[in-house]
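Tertiary structure, described
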Amino acid sequence: MSAGEIELLPGERVLWAGEPVQRPFYVAADGVIAPAGLILAVAALWFLLAKQPSGGAMAGAVVVLVIGCYGAVGRSAVRYLALGRTTYAVTDSRIIARSGLFRQKERSSELAGLAEPVLKPGPSRTGTLSFAGPGTVTLMGIGESKRVRDLLVKAIEEAKSRQAPPEAA
């Protein structure tokens, strides 16, 4: 992502821009969701084949089968494909992520409202940077993640100091 591709706020400058260099198929949350989806899919498939339901029961079992398959592998596949079209930017006031399979959606988080980033290291100097709190942007599978984390720590401190009220003398 270059500065020309994103709409910068007045006076805002880009500190870092990049994209995922590693696209994990499974993440930690999938350790619960994928097995649960598999169990749902197997149960629905068993119900469809063993009981041979009709009408509403069949429709319900098919819905459960689709939900189970999505939980087992679909969710991970969609995330993997979307990461192939994801770009990130860190400016002096916010983090921006643009992602989506068919239509690119842009999300951003104000640096002054973020806690220190948490780095989950990946292979070959890659990693994922996340922040405490709901709705914050996560930088997944980025290269040179330690360098980006250090840059973010400094940018967050500077953003918070700009918003702090001046000390009384």
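This text goes with the structure placed above it.
None of the values given here were measured: they were computed from a predicted structure.

The end-to-end C-alpha distance of helix 2 (residues 56-83) is 37 Å, a good match for the 40 Å that 28 residues give at a rise of 1.5 Å each. In the structure, helix 2 departs most strongly from a straight axis at Gly71, where the bend amounts to approximately 55 degrees. Turning to helix 2, its buried residues are Ala61, Leu65, Gly68, Gly71, Ala72, Gly74, Ser76, Arg79, Ala82 and Leu83. Looking at the buried residues of helix 2, the elements they touch are helix 1 (30-51), strand 2 (87-91), strand 3 (94-99) and strand 7 (139-143).

Another point: the sheet that holds strand 4 (residues 105-110). An order of 1-2-3-4 is seen for the 4 strands of this open sheet, with the pairing classed as antiparallel. Strands at the two margins of the open sheet, each flanked by one partner only, are strand 1 (14-18) and strand 4. This sheet shows a mean twist of 15 degrees between the axes of neighbouring strands, independent of strand direction. Direction of pairing for strand 3 relative to strand 4: antiparallel, over a ladder of 6 bridges. Looking at the pairing, Ser99 lines up with Lys105 of strand 4. Against the sheet, helix 3 (residues 145-163) makes contact with strand 1, strand 2 and strand 3, and its axis sits at roughly 150 degrees relative to strand 1, the strand it touches most.

What follows deals with the nonpolar core. Tyr88, Ile95, Leu111, Leu139 and Leu152 are the most contacted members of the largest nonpolar core, which has 21 residues in total. Going through the elements one at a time, strand 2, strand 3, strand 7 and helix 3 are the ones with two or more residues in this core. Here this core gets 5 residues from one element, more than from any other, and that element is helix 3. Apart from residues lying up to four places away in sequence, Leu111 is in contact with Thr91, Asp92, Ser93, Arg94, Ile95, Leu152, Ala155, Ile156, Ala159 and Lys160. Counting 5 residues, the second-largest nonpolar core is a separate cluster that includes Ala41, Ala44, Leu48 and Ala61.

Spanning 22 residues, helix 1 covers 30 Å between terminal C-alpha atoms, matching the ideal 32 Å at 1.5 Å per step. Considered for burial, the residues of helix 1 that qualify are Asp30, Ala34, Gly37, Ala41, Ala44 and Leu48. For helix 1, the angular spread of the buried residues around the axis is 100 degrees, confining them to a single face. Along helix 1, the residues that are exposed and aim more than 90 degrees away from the buried face are Gly31, Val32, Ile39, Val42, Trp46 and Lys51. On the buried face of helix 1, the contacting elements are helix 2.

Thresholds applied
Residues numbered from 1 in each chain as written. Predicted model: local features only at pLDDT ≥ 70, side-chain atom pairs only at ≥ 80, totals over all residues. Heavy atoms only, no water. Helix = DSSP H or I, 4+ residues; strand = E, 2+ residues; numbered from the N terminus. Expected span 1.5 Å × (residues − 1). Bend = angle between axes of the 7 residues up to and from the residue. Buried < 20%, exposed > 50% of the residue type's maximum accessible area, 1.4 Å probe, protein only. Contact = heavy atoms within 4.5 Å. Pairing = 2+ DSSP bridges. Axes fitted to C-alpha atoms, helices over the stretch in contact; angles between N-to-C directions. Core = buried A, V, L, I, M, F, W, Y, C linked by side-chain atoms within 4.5 Å. Arc of directions from axis to C-beta.

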